[in-house]
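Close look at the chain arrangement
If you want the building blocks of each chain, they are given just below.
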Amino acid sequence: MRASLIQIAVNEEESVDSRRQRVAELVRRQAGSDLVVLPELWTTGAFAYEEFGREAEPLEGPTYEAMAKAASDAGVWLHAGSVPERDPDGPLYNTSLVFSPSGELAAAYRKIHRFGFDKGEAVLMGAGRDLVTVRLPGTTLGVATCYDLRFPELFRSLVDVGAETLVIPAGWPERRRAHWTLLAQARAVENQAFVLACGTAGTHAGVPQAGHSIVVDPWGEVLAEAGPDEEVLTVDFDPAKVAVTREQFPALKDRVLGLEPPRR
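- In the nomenclature of an unreviewed UniProt entry, the chain is known as Hydrolase of Streptomyces alanosinicus.

Let's talk about the pattern of salt bridges
- Following the criterion strictly, the structure yields 20 salt bridges and no others.
- Here Arg-20 makes a salt bridge to Glu-57, at a shortest N to O gap of 3.6 Å. In this pair, Arg-20 sits in helix 1 (residues 16-28) while Glu-57 sits in the loop between helix 2 (49-55) and helix 3 (62-74), placing the two residues 37 residues apart along the sequence. The residues Arg-20 and Glu-57 share a single accessibility class, namely buried.
- With a closest N to O distance of 3.6 Å, Arg-177 and Glu-174 form a salt bridge.
- Look at Glu-174 and you get partly exposed, because its relative accessible area is 36%.
- Through salt bridges with shared partners, one network takes in Glu-25, Arg-28, Arg-29, Lys-69 and Asp-73.

Some thoughts on the environment of Pro-169
- Within the secondary structure layout, Pro-169 lies in strand 9 (residues 165-169).
- Sequence spacing of Pro-169 and Ser-82 is 87 residues, and the spatial spacing of their C-alpha atoms is 7.5 Å.
- Not counting residues up to four positions away in its chain, the partners in contact with Pro-169 are Leu-38, Pro-39, Glu-40, His-79, Gly-81, Ser-96, Ala-144, Thr-145, Cys-146 and Cys-198.

Here's the deal with the sheet that holds strand 2 (residues 9-10)
- Here we have three strands laid out as an open sheet, ordered 2-11-12, and mixed in their pairing. Here the strands that pair on one side only, and so sit at the sheet edges, are strand 2 and strand 12 (207-208).
- Relative to strand 11 (residues 201-204), strand 2 runs parallel, the two being bridged by two bridges. Bridge pairing in strand 11 places Ala-9 opposite Ala-201.

Re the UniProt feature "domain: CN hydrolase" (unreviewed entry) in the chain
- Mapped onto this numbering, the UniProt entry gives "domain: CN hydrolase" (unreviewed entry) at residues 1-239.
- From the first C-alpha to the last, residues 1-239 spans 7 Å; its make-up is 26% helix and 31% strand.

Quick look at the packing of aromatic side chains
- Enumeration over the complete set of coordinates arrives at eleven aromatic pairs.
- With centroids separated by 6.3 Å and ring planes inclined at 75 degrees, the aromatic side chains of Phe-47 and Phe-115 adopt a geometry described as edge-to-face. Here the residue Phe-47 occupies a position in the loop between strand 3 (35-37) and helix 2, and Phe-115 occupies one in the loop between strand 6 (105-110) and helix 4 (121-124), the gap between them amounting to 68 residues.
- Look at Phe-47 and you get buried, because its relative accessible area is 10%.
- Arranged with centres 6.5 Å apart and planes meeting at 80 degrees, the rings of Phe-117 and Tyr-147 form a pair that is edge-to-face. In this pair, Phe-117 is assigned in the loop between strand 6 and helix 4 and Tyr-147 in the loop between strand 8 (139-143) and helix 5 (152-160), connecting sequence segments 30 residues apart.
- Since its relative accessible area comes to 65%, Phe-117 is described here as exposed.
- Cluster of aromatic residues (ring-pair linked, three or more members): Phe-47, Tyr-49, Phe-52, Phe-115, Phe-117, Tyr-147 and Phe-151.

Focus: the environment of Ser-72
- Within the secondary structure, Ser-72 is located in helix 3.
- Given a relative accessible area of 35%, Ser-72 falls into the partly exposed group.
- In the structure, Ser-72 is positioned 80 residues away from Pro-152 in sequence and 34 Å away in space, judged by C-alpha atoms.
- For Ser-72, the contacting residues outside a window of four places in its chain are Pro-101, Ser-102 and Gly-103.

Thoughts on empty space enclosed by the protein
- Overall, the coordinates contain one cavity of 30 Å³ or more when judged by the stated rule.
- Looking at the largest cavity, its volume works out to about 150 Å³.
- Lining the largest cavity are 16 residues, with Phe-47, Phe-115, Cys-146, Tyr-147 and Gly-171 sitting closest to its centre.

Remarks on the packing of helix 1 against helix 3
- One can describe the packing of helix 1 onto helix 3 by two numbers: an axis separation of 8 Å at closest approach and a directional angle of 20 degrees. By the angle between their axes, helix 1 is roughly parallel relative to helix 3. As helix 1 runs across helix 3, the sense of the crossing is right-handed. Seen from helix 1, the contacting residues are Arg-20, Val-23, Ala-24, Val-27 and Arg-28; seen from helix 3, they are Pro-62, Thr-63, Ala-66, Met-67, Lys-69, Ala-70, Ala-71, Asp-73 and Ala-74.

Conventions used here
Residues numbered from 1 in each chain as written. Predicted model: local features only at pLDDT ≥ 70, side-chain atom pairs only at ≥ 80, totals over all residues. Heavy atoms only, no water. Salt bridge = Lys/Arg side-chain N within 4 Å of Asp/Glu carboxyl O. Helix = DSSP H or I, 4+ residues; strand = E, 2+ residues; numbered from the N terminus. Buried < 20%, exposed > 50% of the residue type's maximum accessible area, 1.4 Å probe, protein only. Contact = heavy atoms within 4.5 Å. Pairing = 2+ DSSP bridges. UniProt positions renumbered as here; feature names shortened; annotations may be inferred. Phe/Tyr/Trp six-rings, centres within 6.5 Å; stacked < 30°, edge-to-face > 60°. 1 Å grid on protein atoms, 1.4 Å probe; cavity = no way out; pocket = protein on both sides within 12 Å on 5 of 7 lines; lining within 4 Å. Points joined across faces, edges and corners; volume = space filled by probe spheres on them. Axes fitted to C-alpha atoms, helices over the stretch in contact; angles between N-to-C directions. Parallel < 35°, antiparallel > 145°, perpendicular 65-115°, else oblique. Left-handed = near helix turned anticlockwise from the far one by under 90°.

Structural data, given as structure tokens:
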């Protein structure tokens, strides 16, 4: 399988419409890939909190339409990163969209763990509740977003429902880049899964972004890593390695905690 992670630089002087068109063209250029992944909140910037409400859109809004067409034009599975979604009956959500090669929506994931503690996303957006997986030819994607990376129980739950490749779009800050790399490798090793983690470049509302999108195999080996600037990171990987790894080193079969209520 060939995956392309498009590490977008969010330029605050570029309009959302222009960026949407530019990113759609970048997706079309990946026609030789099987899976294309975009970062978190690339339409606004993950730290541009004041933009969330202004640029929020319904699920089937302009970003949905542009990315559905781009996926269809390129003939790829597209994880279109996330957008600020405006639910007409509720709050905003940080919502990821996954499209099939025919341009149909395969899944939508509302981010469960909201970043910001007592400000930003944590107070401006609602929390998702549902695990989301997507079956592709040859592998099952487990979908998570940015801050979710710090919560291993989410990824173990995704593995329990069949995930073999964990896809994580993010707007991760440069000042915590060491955590980004460390946690991506940890999630791969402990779940014996591939991790495809796609971040942003540039600066969002004065916060420099980490970039360094990364692809990690089930043994924790880094197969490819981007630099700090906008680029397309393309890597070939064999999804069958997940089953081989889990057979050769069956650590997941030795799990005890989390499988049944603890004794008191």
